[in-house]
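Here's the letter readout for the chains.
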Amino acid sequence: MIQEKGTISIHTENIFPIIKKFLYSDNEIFLRELVSNAVDASQKIKRLASLGEYNAALGDLKVSVSLDKEAKTITISDMGIGMTAEEIKKYINQVAFSGATEFMEKFKEAKDANEIIGKFGLGFYSAFMVADKVEINTLSYQEGAEPARWICDGSTSFELVAGDRTTRGSDIVLHINEESADFLEEGKLSEILKKYGQFLPIPIQFGERTESEPDGEDEEGKPKYKEVTVDNIINNTSPIWTKSPSELNDEDYLNFYRELYPFSEEPLFWIHLNVDYPFNLTGVLYFPKVKNELELSRNKIKLFSRQVFITDEVKDIVPEFLMLLHGVIDSPDIPLNVSRSFLQADGNVKKINNYITRKVADKLSELFKEDRTAFEEKWKDIGLFIKYGMVSDEKFYDKAKDFVLLGNVNGAHFTMSEYAEKVKAEQTNKEGNAIYLYTSDAAKHHSFIASAEKRGYDVLLMDGPLDNHFISQMEQKLEKTQLKRIDSDVIDKLVEKDVVIESVLSEGESKTVKELFDKAINKTSMNVTIEGLSPEEMPVTITMDEFMRRMKDMSKMGGGGMMGFYGNLPDNYKVSVNGNHKLIKRMLETTDEDTQKRLARQAFDLALLSQGMLTGADLTAFVTRSVDLID
Ligand code: ADP
């Protein structure tokens, strides 16, 4: 007969009110803690049985959660190893409180309940966040063990008496306090149970439900059914990440995805993670179909520890650029209950991060090698992840450089090395640099693209949200390669060759033409130069210097310092007048200054027009002038 009254041995008297108060916001985790204790106890008995250390029948192991609205209790019952009175003293009274004094000192700094609960071994005591009184009714698996009952009302004193449980296992009875009355709602309780327990390894029962079962045949020989009540099991005890990839087919992975994210579109593909050295980690990561950027949501990967859901904020554990993936990661080696700064410094977390990066890169590389066509088809969806990875992670860049694809304006895709080979002959300038031409807007730059293609040059389409960064990175990484946007100069200046086309104009004529254009345009932001271009080129081309435009783009995205300086400069364009175009000859042949100015203005407006830059009063003036010219 056990009969004991005592005081939990800590120095500070009122720990429970403090736990309650400070952990209040996160108080639903009491269920996670108590249910995982019950699951642990159940798994321990299973293990003992498999080791031959427990020989009685295991029974149908399950954890059941039940609700008594009248008594205002929630009970968590298991058929696990149970506890003797001695063990209650040791594990509940002492161990669970070993960190209590420290806790009292630190609680002020803690930002969330998770941080405190695990760090100070307060798992079991989280019950007091929602309960005024907690009872443990337990019977240990050990031969000759006597049932024990522990009652604690949330003060530091407890009661330990003989219990009345006749079967192995424990009931934890929570007398829910008034503020937490909403946990006594079935809906709420079942929601929390599902959130944390959806994939626990032992069946979790919550209530019952009715099912119809075949029940012989009626007189006419038609099958009959009867209603039966069955346990309502809320979890899937063997989710796919606990299985070996060789046991699984595509349908299994897709089904699991549907289970995780009902109503979502099917993923593009997935990666099964499985390591046991130097740390333990399993999981399945899915590449979602991204319809638009707004849809990118970051908290889609769920983190588990031995199948207990922990969080969907996986920052620091999953590389930043992979945060857009979906799926699950399960690792007992991730320190779950520590502060963010500690997590970042943790060696295991770094290794996990690197491992995931490498695994994702390997999988992508495999997909690329196995079926290039399929890979190209998916490029629109996965290109964004890959480029993000390349610009944010050197190691990933090194792997991805072999399968990242560059797409051109005609819809063809090339690897980096294929592209270098493709443009080598035509697009190497007189200094020996390969010039990659690109557009950020194929429709707007149509006339520039047409000129480039006339020369036999290729133009890349770089209209993705990360392409600016990707371009800078390619330039840093690729030797003797420059990227130039197609509208940053006239085509013969973009890819400068040794053969120079001379201007047919004399120095004096050039000066006259420049003056004419300056007067006709009359804008300080337009810098006119007369150049000797191919006679087939447009008479006037308006461009903005590549360097200047990049600086301005970056300052728009929030760069400070020098960027801010460039950002504040007014837009400045170069107006290249093609001295070899026949229009210029015509301009010089007339002596009527008015006609000359009109021609200059018309040519300039046509250039503006071809780039979508002609608007407002200038556009109206252009239309009127054009109509006059028809007359
Ligand atoms: P932790 O689970 O992190 O060890 P807890 O405070 O949650 O911390 O639990 C303390 C200890 O009490 C457990 O390690 C276990 O030995 C014991 N215990 C708790 N719940 C049960 C249970 N349902 N069955 C058997 N033992 C339990």
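The structure this text deals with has already been given above.
## Some details on helix 6 (residues 186-197)
Here is step 1 of the chain: Its twelve residues place the ends of helix 6 15 Å apart at the C-alpha level, agreeing with the 16 Å of an ideal helix rising 1.5 Å per residue.
Here is step 2 of the chain: Among the residues of helix 6, those classed as buried are L189, S190, I192, L193, Y196 and G197. Seen end-on, helix 6 carries its buried residues on one side only, within an arc spanning 160°.
Here is step 3 of the chain: The inward-facing, buried residues of helix 6 contact helix 2 (29-50), strand 2 (63-68), strand 3 (73-78), strand 8 (204-217) and strand 13 (308-311).

## Details of the packing of aromatic side chains
Here is step 1 of the chain: The final tally for this structure, using the stated rule, is 25 aromatic pairs.
Here is step 2 of the chain: Centroid distance Y419 to Y436: 5.0 Å. Interplanar angle 85°. Geometry classified as edge-to-face. Note that Y419 is positioned in helix 12 (residues 416-424) and Y436 in strand 17 (residues 434-439), a separation of 17 residues in sequence.
Here is step 3 of the chain: Judged by its relative accessible area of 0%, Y419 is buried.
Here is step 4 of the chain: Sitting above the plane of the F183 ring, K188 keeps its charged end 4.7 Å from the centroid.

## Side note on the pattern of salt bridges
Side chains that carry opposite charge are capable of pairing whenever their charged atoms lie near each other.
Here is step 1 of the chain: In total, this model carries 37 salt bridges according to the counting rule given.
Here is step 2 of the chain: Two residues, D362 and K399, come together in a salt bridge whose shortest N-O distance is 3.1 Å. Residue D362 is located in helix 9 (residues 347-370), and its partner K399 is located in helix 11 (residues 394-400); the two are separated by 37 residues in the primary sequence.
Here is step 3 of the chain: The partly exposed category is assigned to K399, whose relative accessible area is 33%.
Here is step 4 of the chain: Put simply, D553 and R549 hold a salt bridge, and the shortest N to O gap is 3.7 Å.

## Observations concerning a negative patch on the surface
Here is step 1 of the chain: Taken together, the side chains of D132, D153, E178 and E179 define an acidic patch exposed on the protein surface.
Here is step 2 of the chain: Along the chain, the position of E179 falls in the loop between strand 7 (169-176) and helix 6.

## Some thoughts on the packing of helix 2 against helix 6
Here is step 1 of the chain: Contact geometry for helix 2 and helix 6: axes closest at 9 Å, N-to-C directions at 60°. Judged by the angle between their axes, helix 2 and helix 6 are oblique. With respect to the hand of their crossing, helix 2 and helix 6 are arranged in right-handed fashion. Note on element contacts: helix 6 touches helix 2 through L189, I192, L193 and Y196, opposite I29, L31, R32 and V35.
Here is step 2 of the chain: In terms of residue class, the contact of helix 2 with helix 6 is made up of seven nonpolar, no polar and one charged.

## Let's talk about the site of the ligand
Here is step 1 of the chain: The full set close to the ligand counts twelve residues, and N37, A41, D78, M83 and F124 are the nearest of them.
Here is step 2 of the chain: The side chain of N37 places a nitrogen or oxygen atom 2.7 Å from an oxygen atom of the ligand.
Here is step 3 of the chain: With respect to the ligand, the side chain of D78 contributes an N or O atom lying 2.9 Å from a nitrogen atom.
Here is step 4 of the chain: Contact with the protein chains hides 77% of the accessible area of the ligand, taken as 530 Å² for the molecule alone.
Here is step 5 of the chain: Among the elements of the structure, helix 2 and helix 3 (85-94) are those that each provide at least two residues to the shell around the ligand.
Here is step 6 of the chain: Across the shell around the ligand, the residue classes tally to six nonpolar, five polar and one charged.

The rules behind each value
Residues numbered from 1 in each chain as written. Predicted model: local features only at pLDDT ≥ 70, side-chain atom pairs only at ≥ 80, totals over all residues. Heavy atoms only, no water. Helix = DSSP H or I, 4+ residues; strand = E, 2+ residues; numbered from the N terminus. Expected span 1.5 Å × (residues − 1). Buried < 20%, exposed > 50% of the residue type's maximum accessible area, 1.4 Å probe, protein only. Arc of directions from axis to C-beta. Contact = heavy atoms within 4.5 Å. Phe/Tyr/Trp six-rings, centres within 6.5 Å; stacked < 30°, edge-to-face > 60°. Lys NZ or Arg CZ within 6 Å of the ring centre and 35° of its normal. Salt bridge = Lys/Arg side-chain N within 4 Å of Asp/Glu carboxyl O. Patch = residues over 30% accessible without salt bridge, like charges linked within 9 Å, V, L, I, M, F, W, Y side chains within 5 Å. Areas by Shrake-Rupley, 256 points an atom, 1.4 Å probe, with all protein chains shown as cover. Lys, Arg positive; Asp, Glu negative; His and termini not counted. Charge placed at Lys NZ, Arg CZ, Asp CG, Glu CD. Axes fitted to C-alpha atoms, helices over the stretch in contact; angles between N-to-C directions. Parallel < 35°, antiparallel > 145°, perpendicular 65-115°, else oblique. Left-handed = near helix turned anticlockwise from the far one by under 90°. Nonpolar A, V, L, I, M, F, W, Y, C, P; charged D, E, K, R; others polar. Near = heavy atom within 4 Å. Polar contact = N/O pair within 3.5 Å; in protein donor to acceptor, adjacent residues only side chain to side chain.

Everything listed is a geometric property; what it means functionally is a separate question.
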